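# Analysis of the macromolecular model
Chain residues, written in single-letter form:
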Amino acid sequence: MTSLAFPDVSWIPLLPLLVVTGTAVLVLIADLFSEGPDYDALGWIGLIGLVLAVGIAVPLWNQSGTTMAGVLALDRYGLFFTVLFCLGSGLTLLLSMNYLETTDIRCGDYYTLILFSTVGMILMAMSVDLIVIFLGLEVMSIAAYALAGIWRTQVRSNEAALKYFVLGAFASGFLLLGIALLFGASGETLLPRIAESAAPGSADQRMLLVAGAALLLVGFGFKVAAAPFHSWAPDVYEGAPTAVTAFMAAGIKAAAFAAFVRIFVDTLSPLAADWRDALWVLAVLTMSVGNFSALVQRNIKRLLAYSSIAHAGYLLVGMVAGGEGGGAAVLFYLAVYTLMTVGAFAVVIALGRRGQPNEDLDDWAGVGLRNPFLGFAMTVFMLSLAGVPPLAGFMGKFYLFSAALDAGYVWLTVIAVLNSLVSVYYYVGVLVKMYMTEGGAEVEAPMARPYLFAALLATVAGTIVVGLFPTPWFELARRSMESLV
Amino acid sequence: MPLLSAIVFTPLLGALVLLFVAREQTQALRRAALVFSLVPFAFSLWLVAEFDGVHGGLQWVERAAWIPRFGIHYMLGVDGISLFLVLLTTFLMPIVCVQAWDVHHRLKEYLVLLLVMESAMLGALVATDLFLFYVFWELMLIPMYFLIGIWGGERRIYAAIKLVLYTMAGSLLMLVAIIYLALAHHQQVGQYSFAWEHLLQLHLSLDVQRLLFAAFALAFAIKVPMFPLHTWLPDAHTEAPTGGSVILAAILLKMGTYGFLRFAIPLFPQAAVEAMPVIAALAVIGIIYGALVCMVQPDLKRLVAYSSVSHLGFVMLGMAALTLQGVQGSLMQMLNHGLSTGGLFLAVGAIYERRHTRLIAEFGGLWARLPVFGALFLVVMLSSVGLPGLNGFVGEFLILLGAFGRYPLGAILGTTGVILGAVYLLWMFQRVMFGPLTHPENAALRDLSAREVAMFVPLIALFFLLGLYPKPVLQRMEPAVRVTLDRLEPYLERAGLPRSDQALHVAGGGSAE
């Protein structure tokens with residue numbers, strides 16, 4: 001009988017992860033002592049923890065290494081995503097503090113779950129081992145299932161949680177089976193080793209590898225809501241509390257892509273000839289289904305859900321392009337997308353009032369005129385999502401499409417561009433409602449909810465600044481990708 | 001001094017300043033907008049004065065790295081092709097700002113959007129990096145969308161969305177083509193570049209040129225708008241508020257024709273030479289079709305809108321000739337159309353302001369009531385007709401002269417467009433202004449105020465100036481036009497077409513000066 005050896009642990013790379021985990025535990029404990037109904041203090045603890053984690057992650061930028069028997073890697077790629085997730089979660093916390101109050105969710109666990117979900121995300125981005133990636137995915141997802149249903153008094157929230165859970169479990173099954181096949185083919189779960197056995201010449205188990213990759217593709221397809229595995233997304237996005245929807249659209253999607261890109265663009269790139277065409281089709285389907293379905297939506301959350309599907313399609317275009325350019329474009333786009341989409345959901349939250357969510361597009365009539373700041377913010381987000389220069393979303397698409405063209409995918413790019421055109425119609429439709437019609441819901445001044453206001457300011461400013469000066473941010477993304485390839 | 005940047009960004013600065021003025025302070029808002037639109041006008045007068053009219057290259061070049069990894073620069077420059085369009089823009093915007101006195105609904109936002117619009121248009125005219133150009137190009141669309149959608153007429157939403165979708169459809173494909181060019185530059189030279197001057201040096205196979213030219217041409221043809229891509233224009237024009245119509249007709253449409261001359265033709269010379277007969281044919285169809293539709297238009301504003309389709313057909317015909325005179329005439333006509341049609345929309349706007357209808361049948365015999373307006377409107381109308389001595393004549397004459405050497409039939413058919421133009425405009429004028437006063441409610445209309453007259457006076461002064469003495473303008477344009485045409489010579493020759501300066505002799509005309 002062999003004794004279980006405890007692996008060598010270098011703690012430095014783990015610090016950001018540990019800080020977020022510690023914060024989550026701290027919030028959990030603090031929750032025991034706080035007696036509501038005001039849980040803002042928990043949000044603050046979470047925010048401080050996330051800021052601290054970023055503060056620790058940034059100085060690690062120039063270091064690299066692995067720890068925990070090589071299953072967790074300290075590389076720029078992981079750090080990039082760590083910071084991105086902290087940003088997404090931090091913004092979500094800001095949104096939530098006012099939101100929980102108006103929706104009477106008032107539940108301290110909410111903050112704990114957000115933070116634990118973030119821990120799962122960071123784990124996914126840092127890990128270079130399939131099993132640990134899976135672990136991270138489950139930590140993230142289970143917290144998210146609970147979050148989707150946390151508005152217990154709302155039927156649609158319950159429904160969302162159930163749907164999300166059942167289909168999420170499905171996806172996990174596919175992923176796990178894919179991992180098993182990859183393990184069967186290579187005898188390894190560590191990504192670098194799998195890459196070796198996928199290298200040309202040494203692939204005697206090629207069929208198994210390809211089959212494993214196909215299953216992973218399905219699993220990740222579910223998680224990032226790529227067509228035809230997207231059908232859960234609109235219902236879940238609509239049913240979940242809006243702050244959670246923002247979290248899912250930005251953070252969870254980014255985390256899934258973090259692992260997706262690391263496995264496909266990096267590890268399985270020797271097999272690219274086998275999976276690229278499938279991904280090509282997936283990208284086209286996802287963009288088109290997302291955009292065309294969004295055209296007919298009357299509920300803003302469903303509209304944003306379909307738009308989010310479409311954006312997953314654009315991201316897949318970047319993955320098809322592959323290589324450092326495509327990967328960097330995907331990373332950059334994810335960061336930009338986090339800003340835009342969290343911002344858009346923040347406006348949705350700002351529009352809602354107690355017992356009156358105002359999610360129907362008709363409720364938005366005239367909002368831009370009655371409330372210039374909210375109108376301006378939503379205009380920025382909609383135009384940025386539509387890809388109008390000089391906003392961040394345009395730069396994101398520019399990098400994605402350039403990468404695809406550079407890799408020779410002219411028609412894919414043209415399809416993507418035509419899809420953007422379709423999307424213009426429904427994004428502009430929101431502006432039409434806000435500015436060119438009258439008679440919607442009355443809205444509180446955004447300043448009345450300071451946290452929400454702060455989140456809006458941050459996302460608007462970010463969307464404009466990154467759009468005007470994309471270079472430093474893209475360089476970060478590129479150097480993150482470089483640390484992989 | 002970075003003069004071009006100053007011209008481009010002063011209006012934007014003004015828009016920011018206006019944001020901080022309380023919306024109740026209408027007088028302050030109006031004055032501030034006027035000042036911030038007059039400053040770039042002053043700057044561009046200086047630009048014209050200092051402009052070196054001997055050389056064809058870019059002048060006042062500014063350059064700063066923006067996205068260096070992809071060779072994207074903040075790069076501005078001006079040459080004879082863009083110079084007067086800049087001046088046209090900065091000249092018209094103060095007039096539009098004065099016209100905005102008539103806007104009472106959400107004046108502040110209106111003025112802010114006007115100024116943002118001006119910056120975007122000026123930026124697109126002087127950007128010499130294709131990426132930067134694209135940014136400004138798309139940016140133009142947003143303020144116009146709001147101007148139509150918020151301040152427009154009955155079907156404003158339909159018109160606004162149509163405008164956005166049509167224009168975006170073209171420009172997104174152009175974006176793909178632009179990126180493709182930068183990648184080609186990377187392949188051939190080893191580094192990315194979006195700089196116009198660099199991309200001109202690329203060697204592109206004819207097949208590639210055809211595709212890229214198509215992408216560029218589509219974007220520009222929609223903007224022009226060329227037949228059969230013109231259908232967004234009557235709607236946009238009809239629904240837009242007066243200021244929006246003036247900008248749209250006078251400046252925005254020129255972005256399309258300018259785009260052809262600046263980008264589509266010189267970047268893909270071989271494909272351009274190949275495509276020009278088709279463009280000429282479409283232009284002639286546009287001239288006649290637009291004029292015929294004008295004949296039967298009951299709505300004044302729609303009439304002026306369709307007259308743009310016809311007049312822009314002339315601009316495209318002159319350009320498609322690819323002769324010195326044709327292209328110069330085309331450039332000249334861009335200015336003329338901007339001034340004349342801007343004036344027509346102002347006039348229609350003034351009537352609409354008084355009667356809240358634009359139906360020709362609602363008027364008649366206005367001259368007796370509004371003599372000042374009548375006189376001004378008459379001059380504007382005649383300038384649009386192309387009466388010799390006024391600006392419109394110079395452009396049309398040069399275009400027909402230039403086109404004749406290349407497409408005799410096209411020129412002949414185009415000439416009928418001139419006649420048709422005279423017919424529908426004169427007829428319209430007659431029905432509105434002369435005859436007995438058929439509608440009693442028109443009897444009480446007041447004549448133009450001093451402010452309104454002040455909008456027309458500078459326009460009319462320019463009509464005469466350009467009509468009687470176009471030389472300073474043509475002279476400054478010529479070197480840049482020559483440079484553009486020189487690029488085409490080898491391909492024209494290969495296509496068996498006479499060289500452009502020989503074409504002049506074929507046409508039997510001397511130099512225009």
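The shown structure was predicted, so the numbers you read here are calculated from the model rather than taken from an experiment. (Residues numbered from 1 in each chain as written. Chains lettered and ligands numbered in written order. Predicted model: local features only at pLDDT ≥ 70, side-chain atom pairs only at ≥ 80, totals over all residues. Heavy atoms only, no water.)

### Observations regarding the overall build of chain B
Scanning chain B from terminus to terminus reveals 20 helices and 2 strands. For 513 residues, the compact-globule estimate of 2.2 N^0.38 gives 24 Å, and the C-alpha radius of gyration of chain B, at 22 Å, lies within 12% of that figure. When its C-alpha atoms are laid out on the principal axes, chain B stretches across 70 × 55 × 40 Å. Per-residue burial over chain B gives 66% buried out of 513 residues. Summarising the internal contacts of chain B: among those between residues at least 6 apart in sequence, 80% fall at separations of at least 24. By element, 67% of the accessible surface of chain B is carried by carbon and sulfur atoms, the whole surface being about 16700 Å². Averaging the coordinates of the 30 positive side-chain charges in chain B and doing the same for the 29 negative ones gives two points 5 Å apart. (Helix = DSSP H or I, 4+ residues; strand = E, 2+ residues; numbered from the N terminus. Rg over C-alpha atoms; globule rule 2.2 N^0.38 Å. Buried < 20%, exposed > 50% of the residue type's maximum accessible area, 1.4 Å probe, protein only. Contact = heavy atoms within 4.5 Å. Areas by Shrake-Rupley, 256 points an atom, 1.4 Å probe, with all protein chains shown as cover. Lys, Arg positive; Asp, Glu negative; His and termini not counted. Charge placed at Lys NZ, Arg CZ, Asp CG, Glu CD.)

### Let's talk about the interface of chain A and chain B
Contacts between the two partners involve 34 residues from chain A and, on the opposite side, 33 residues from chain B. For the pair chain A and chain B, the summed buried surface comes to about 3200 Å²; carbon and sulfur atoms form 83% of the total. A per-residue breakdown of the area chain A buries against chain B is headed by Phe398(A), Leu421(A) and Met436(A), which together make up 20% of the total. For the interface between chain A and chain B, the tally reads 1 salt bridge. For Glu475(A), the salt bridge identified is with Arg69(B), shortest N-O distance 3.8 Å. Counting across the chain A and chain B interface gives 7 residue pairs in polar contact (both at pLDDT 80 or more). Ranked by the residues each element gives to the side of chain A that touches chain B, the list is headed by helix α17 (residues 410-436) of chain A, at 13 residues. (Buried area = accessible area lost by both parts, 1.4 Å probe. Salt bridge = Lys/Arg side-chain N within 4 Å of Asp/Glu carboxyl O. Polar contact = N/O pair within 3.5 Å; in protein donor to acceptor, adjacent residues only side chain to side chain.)

### Quick look at the packing of aromatic side chains
Residue and element names in this part refer to chain B. Evaluated as defined, the whole model comprises 57 aromatic pairs over all chains. Between Trp137 and Phe220 the ring centres are 5.3 Å apart and the planes differ by 85°, which places this aromatic pair in the edge-to-face class. Residue Trp137 is located in helix α5 (residues 130-151), and its partner Phe220 is located in helix α8 (residues 206-223); the two are separated by 83 residues in the primary sequence. Overall, Trp137 belongs to the buried group, its relative accessible area being 0%. Both rings, one in Phe393 and one in Phe397, keep their centres 5.6 Å apart while their planes meet at 25°; by these two values the pair is stacked. (Phe/Tyr/Trp six-rings, centres within 6.5 Å; stacked < 30°, edge-to-face > 60°.)

### Here we look at the nonpolar core
Counting 413 residues, the largest nonpolar core has Phe264(A), Phe213(B), Phe216(B) and Phe260(B) as its most contacted members. Looking at which element gives the most residues to this core, the answer is helix α13 (residues 323-351) of chain A, with 20 residues. Not counting residues within four places of it along the chain, the set of residues in contact with Phe260(B) comprises Phe213(B), Ala217(B), Phe220(B), Ala221(B), Val224(B), Met226(B), Ile265(B), Pro266(B), Ile279(B), Met316(B) and Met319(B). Judged by nonpolar contacts, the second largest core, of 5 residues, contains Ala57(A), Leu60(A), Leu74(A) and Leu79(A). (Core = buried A, V, L, I, M, F, W, Y, C linked by side-chain atoms within 4.5 Å.)

### Notes on the confidence of the model for chain A
Residues at a pLDDT of 70 or more form 98% of chain A, whose mean pLDDT is 90. Per-element confidence in chain A is highest for helix α12 (residues 300-321) of chain A, whose mean pLDDT is 95, and lowest for strand β1 (residues 65-67) of chain A, whose mean pLDDT is 84. (pLDDT = per-residue confidence, 0-100.)

### Things to note about the environment of Thr67(A)
Residues and elements named next belong to chain A. When you line up the elements, Thr67 lands in strand β1. A relative accessible area of 2% means that Thr67 is categorised as buried. Along the chain, Thr67 and Val9 lie 58 residues apart, while their C-alpha atoms are 5.5 Å from each other. If we skip the residues at most four places from it in the chain, Thr67 touches Asp8, Val9, Ser10, Pro13, Leu14 and Leu72. Polar contacts involving the side chain of Thr67 include one to the main-chain amide nitrogen of Ser10, which spans 2.9 Å.

### What to know about the packing of α5(B) against α8(B)
Residue and element names in this part refer to chain B. Remark: α5 packs on α8, axes separated minimally by 14 Å, with the N-to-C direction vectors making an angle of 30°. Looking at the two axes, α5 sits roughly parallel to α8. Relative to α8, the crossing made by α5 is left-handed. Contact residues: Leu130, Phe133, Trp137, Met140 and Leu141 in α5; Phe216, Ala219, Phe220 and Lys223 in α8. A per-class count over the contact of α5 with α8 returns 8 nonpolar, no polar and 1 charged. (Axes fitted to C-alpha atoms, helices over the stretch in contact; angles between N-to-C directions. Parallel < 35°, antiparallel > 145°, perpendicular 65-115°, else oblique. Left-handed = near helix turned anticlockwise from the far one by under 90°. Nonpolar A, V, L, I, M, F, W, Y, C, P; charged D, E, K, R; others polar.)

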